[in-house]
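Spelled out from the first residue to the last, the chains are:
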Amino acid sequence: MNYVPGTASLIDDIDKKHLVLLRDGRTLIGYLRSIDQFANLVFHQTVERIHVGKKFGDIPRGIFIVRGENVVLLGEIDVDKPCDTVLQQVSIEEILEEQRQQQQTKQETEKVKMQVLKDRGLSIPKADNMDEY
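Predicted model, so just to flag it, every value in this text is computed and none were measured.

As a further point, take the pairing of strand β2 (residues 27-35). Strand direction decides the pairing type here: strand β1 (residues 17-22) and β2, joined by five bridges, are antiparallel. Bridging across to β2, Val20 finds its partner in Leu28. Hairpin connection from β1 to β2: four residues lie between these consecutive antiparallel strands, with Gly25 at a positive phi of about 95°. Pairing of β2 with strand β3 (residues 41-52) involves seven bridges; the strand directions are antiparallel. Opposite Ile35, over in β3, you have Leu41 as the bridge partner.

Structure, rendered in structure tokens:
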């Protein structure tokens, strides 16, 4: 197989199952159906996988279009390899509740850290949130 530069190297991966990690932290799993010169991706039978601790849940998303600049990691999933994971699959409602609790705990911890720094006369400027738009 010869080396093909850029997104053309993904042509061999079309119609294969992939995992994609997005810039906003979401993880998607689905079949790669199309790509373009900007690395925009189209997935079919896509699920959004949410991990919390040793539990995970899959939210069906269907056809999903991902803008190329939002892709952090893309990898093929070997569907023939047996799954030897220690993670426990739970319902969508349960994983969303676990995720909400985890985010709430993280926010409370951040508040305490900021207060401790403020009490010591230090301040951390807020991050530029323009990346989120």
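Here the focus is the UniProt feature "domain: Sm" (unreviewed entry) in the chain. With numbering matched to this structure, UniProt assigns "domain: Sm" (unreviewed entry) to residues 5-80. A helix fraction of 0% and a strand fraction of 59% characterise residues 5-80, whose end C-alpha atoms lie 28 Å from each other.

Here we come to the environment of Val20. Here Val20 lies in strand β1. What makes Val20 buried here is its relative accessible area of 0%. For the pair Val20 and Gly30, spaced 10 residues apart in the sequence, the C-alpha separation amounts to 8.5 Å. The contacts of Val20, once residues within four sequence positions are left out, are Arg26, Thr27, Leu28, Phe43, Val71, Leu73 and Leu74.

At Ala39, a residue that is not glycine, the phi angle is positive and equals roughly 65°. Structurally, the position occupied by Ala39 is in the loop between β2 and β3. With a relative accessible area of 22%, Ala39 lands in the partly exposed category. At Gln45, a residue that is not glycine, the phi angle is positive and equals roughly 55°. Tracing the backbone shows Gln45 in strand β3.

The rules behind these values
Counting of residues starts from 1 at the beginning of each chain's written sequence and follows it residue by residue. Predicted model: local features are reported for residues with pLDDT of at least 70 only, side-chain atom pairs are reported and counted for 80 or more only, and whole-chain, interface and lining totals are derived from all residues. Calculation of side-chain values draws on the structure's entire complement of heavy atoms; hydrogens and water are dropped beforehand. Note on pairing: two strands pair once DSSP finds at least 2 bridges between them. Helix and strand assignments come from DSSP, with helices taken as H or I runs of at least 4 residues and strands as E runs of at least 2, each series counted from the N terminus. UniProt positions are given in the numbering used here, feature names are shortened, and annotations may be inferred rather than shown by experiment. Buried residues are those whose accessible area, probed at 1.4 Å on protein chains only, stays under 20% of the maximum for their type, while exposed residues exceed 50% and partly exposed ones sit between those limits. For this analysis, residues touch if any pair of their heavy atoms sits within 4.5 Å.

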